[in-house]
Amino acid sequence: MAPDVERIIQSISLGDQDTVQLLLDSYNTQYAECFFFNTDAQERKKQQQLEEFRKNKIRDCPPNFDSDIDSDDERPDLLLREDLAAALLCFVSGQLQPAVLRACLHTLRILSRDRRALGPMVTDGALFTLAHLGGIDLLQPCQLHDRSKTEAQWDRTQIHRAEASGCQGAADADVKCAVSFSVPTKEVCVSTTNGSDRHFYKQRGNEGHLVLAPGKKDAREEDSEKDRKEEDGEVCRKEAMKVLCNLIYNSPKAQERASALRLLQGLWESLKQGIWSRAPPTGQFYKLRLLFLLTALRPELRLQLQQERGVLVLTTALEQYLSLRWAEGHQLITDSTAPPISKEVSQDVIEILKTIFNIAHRFYRQEPDEEEAALYRRLVTVLRHCLLLSCDGADTLEELQGHTVNILSALPLTCLDVLLAVPVDQASHKYEGVNMDCVHALLLFMDRRLNRGQKLKEKLTPVLSLLTESSRVHRGTRHYLRQKILPPLRDVAVRPEQDSTLRGQLVRLMTHVDTDVKDCAAELLFVLCKENVSRYVKYTGYGNAAGLLAARGLLNGRRNSGDGQFASHYSSDSDSDTEEYREARSKINLVTGRVEAEQPDPMEGMTEEEKEEEARRLICMINRLSQDQIIQPMGVTADGRLAPLWGQMRGCTEEEDEEEEQDLNSMPGLKDKTIK
């Protein structure tokens, strides 16, 4: 049975907390997993449109089943939810039992998922109330006229209900929610329906406005009550923060008002108190989530947090959450026997990493000063630890590493040298005496993302870019990655894109439909080949390499790694070929990158005159396709770029054109066919 929303609102207006809690618990149970309140109406609309389509076999416009435009049938339910939200916001402003407050906030969290019914919850008064319940001081009082707006909406709702019911008259219109203002009061003792507790209400004047005040406690239960109260308070704070997160995410107006109310400043002060307290951080997840949402959705708040030394404070927070201890220089004291970090800590760390990226993404390719460089190196040292730690759950670990990679790809390259500044031990991956544990971790991370094949632009391009830039500036990193990705060729019977190794997976991405993914994959392989065209074509095939070569003006193959912008970064070592490759080199098709099976000669048995005639017909066919703008013949210019061959294939006169048309019409297999 669907909960009676009007009855909930009426119980709130009467201040009957026990009834309100009972009704809200039922409401919350039914809609706990609900994110769209008009699901039934949308389904009916969908079925109706499908039936009309089957009947008429015509559709005037594409259906939009997820439209936010409310139909006449949905409007009353939407208004009820708005009224319920307004009533609850007034109700939680007073003094409530912890269980009642928790139920109210849970209902507000459910209502905040519906973007169409956020009106009462995105006012300054509502945001101020929720921030206060979430443990955030906005450092300025809420404007009273805004709070009066919420009350005015509540008054109009009650008057409308009184007029609609007719039987309750003006009595219901005079009942307001339980919000305490500076009004003379007198105490009235009221018992609950079950008789288990007694509460003291404050009645304001002659208006009948009830405000719940805390009753007296039994001294014998003081300690247990204190512990339970702290636990209830923490639950309520989390619920209030969840509501705020939903509002900021779903409502641009809430984002704007949160910025105007300086919500970020109050939130930041609350978080800094926990960070500088040196106590183990707990219960900060939703505050960190709100911090991420604010900085992600409001550019001015990103700048504000950067000016508040956000990178330094959040780096310190990471050190606290991960219990890091510093050794000399940019090194951490690690314990290989330490257990994996818990899922709760991992989630907090992920939110911090996301916020750091919001601040630091603008630092890419900037030259930091001495103080900034020291801070970034400290951050990179912590991120290096994040890459190598273990978590409870493979998905959690990959998400944490993904956000770590995002930050590393956004930091100045000059500060990434500390990734390799780690002593080598027996279990380390190394190359020429340099610790390659981080590079190996990035390689494994890239391999996992390649195998998943989902959201490649979002998930894969950061690690591809990071590995490319690191390989370009650090010889050891490039050599290590080349050993893993481009080992010496042995099997040349398989096309590069059909190979199951890392090389094959990256070569397949070189022809991906997404330009960013294609360019990042091609760039990484090109750098691993030291920007040498012949070596690049050798490992990828000319057909796969043509895109990057055309973009760089290297189609003629006349430029090698020594001529590039980063030539000074590449050593002069030669590419060592295997015995298998040297034996098959002359048989390799450079376009496909493999040894092709011998094909029969299509001109076998033809005379020289027939060959010339066939060539002339082919040229005329290409010329005609070009004139009809079906194809555009291109050629490689002296600077290695593609250019149209206009005029070069048009040596035929008008008379020759007529002869070409006659020849084409007389050619077997072309008559009555359409070029597709």
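Below or above, wherever it landed, is the structure these notes cover. (Residues numbered from 1 in each chain as written. Predicted model: local features only at pLDDT ≥ 70, side-chain atom pairs only at ≥ 80, totals over all residues. Heavy atoms only, no water.)

## Some words on the nonpolar core
Inference 1: Within the largest apolar cluster, 145 residues are counted, with the highest numbers of intra-cluster contacts made by Leu290, Leu411, Met446, Ile485 and Tyr536.
Inference 2: Dropping the residues within four chain positions of it, tyrosine 536 is found in contact with Met510, Ala522, Leu525, Phe526, Cys529, Gly541, Ala545, Leu548 and Leu549. (Core = buried A, V, L, I, M, F, W, Y, C linked by side-chain atoms within 4.5 Å. Buried < 20%, exposed > 50% of the residue type's maximum accessible area, 1.4 Å probe, protein only. Contact = heavy atoms within 4.5 Å.)

## As for the packing of aromatic side chains
Here a ring pair, both rings aromatic, is described through the centre-centre distance and the interplanar angle of the planes.
Inference 1: For the structure on display, the rule yields 3 aromatic pairs.
Inference 2: A ring pair is formed by tyrosine 27 and tyrosine 31, whose centres lie 4.7 Å apart and whose planes are at 45°; its orientation type is tilted.
Inference 3: Under the relative-accessibility criterion, tyrosine 27 is labelled buried at 2%.
Inference 4: Relative to tyrosine 286, the ring of phenylalanine 285 has its centre 4.9 Å away and its plane inclined at 80°; by these criteria the two rings are edge-to-face.
Inference 5: Sitting over the ring of phenylalanine 292, lysine 354 keeps its end group 4.2 Å from the ring centre. (Phe/Tyr/Trp six-rings, centres within 6.5 Å; stacked < 30°, edge-to-face > 60°. Lys NZ or Arg CZ within 6 Å of the ring centre and 35° of its normal.)

## Focus: helix H21 (residues 475-485)
Since one α-helical turn is 3.6 residues long, residues separated by three or four positions face the same way.
Inference 1: Counting buried positions along H21 gives 8 out of 11 residues, so the element sits mostly inside the fold.
Inference 2: When we look at burial in H21, the residues that qualify are Gly476, Thr477, Arg478, His479, Tyr480, Leu481, Arg482 and Ile485.
Inference 3: Residues of H21 that are buried in the fold lie against strand E4 (430-431), helix H18 (437-452), helix H20 (461-473), helix H22 (502-509), helix H23 (515-528) and helix H24 (533-540). (Helix = DSSP H or I, 4+ residues; strand = E, 2+ residues; numbered from the N terminus.)

## Considering a nonpolar patch on the surface
Inference 1: A cluster of nonpolar side chains, Met634, Val636 and Leu642, forms an exposed patch at the surface whose accessible area comes to about 260 Å².
Inference 2: Look at methionine 634 and you get partly exposed, because its relative accessible area is 37%. (Patch = residues over 30% accessible without salt bridge, like charges linked within 9 Å, V, L, I, M, F, W, Y side chains within 5 Å. Areas by Shrake-Rupley, 256 points an atom, 1.4 Å probe, with all protein chains shown as cover. Salt bridge = Lys/Arg side-chain N within 4 Å of Asp/Glu carboxyl O.)

## Side note on the side chain of histidine 440
Inference 1: With respect to the helices and strands, histidine 440 occurs in helix H18.
Inference 2: When its relative accessible area of 16% is taken as the criterion, histidine 440 is described as buried.
Inference 3: If sequence neighbours within four positions are ignored, histidine 440 has contacts with His429 and Tyr480.

## A closer look at the packing of helix H2 (residues 17-30) against helix H5 (residues 98-111)
Inference 1: At a minimum axis distance of 9 Å, the contact between H2 and H5 shows a crossing angle of 40°. Seen along the crossing, H2 lies across H5 with a hand that is left-handed. Residues Gln17, Val20, Gln21, Leu24, Asp25, Tyr27 and Asn28 of H2 form the contact with H5, whose participating residues are Ala99, Val100, Ala103, Cys104, His106, Thr107, Ile110 and Leu111.
Inference 2: In terms of residue class, the contact of H2 with H5 is made up of 9 nonpolar, 5 polar and 1 charged. (Axes fitted to C-alpha atoms, helices over the stretch in contact; angles between N-to-C directions. Left-handed = near helix turned anticlockwise from the far one by under 90°. Nonpolar A, V, L, I, M, F, W, Y, C, P; charged D, E, K, R; others polar.)

Remember that the coordinates give geometry; whether it matters functionally is a separate question.
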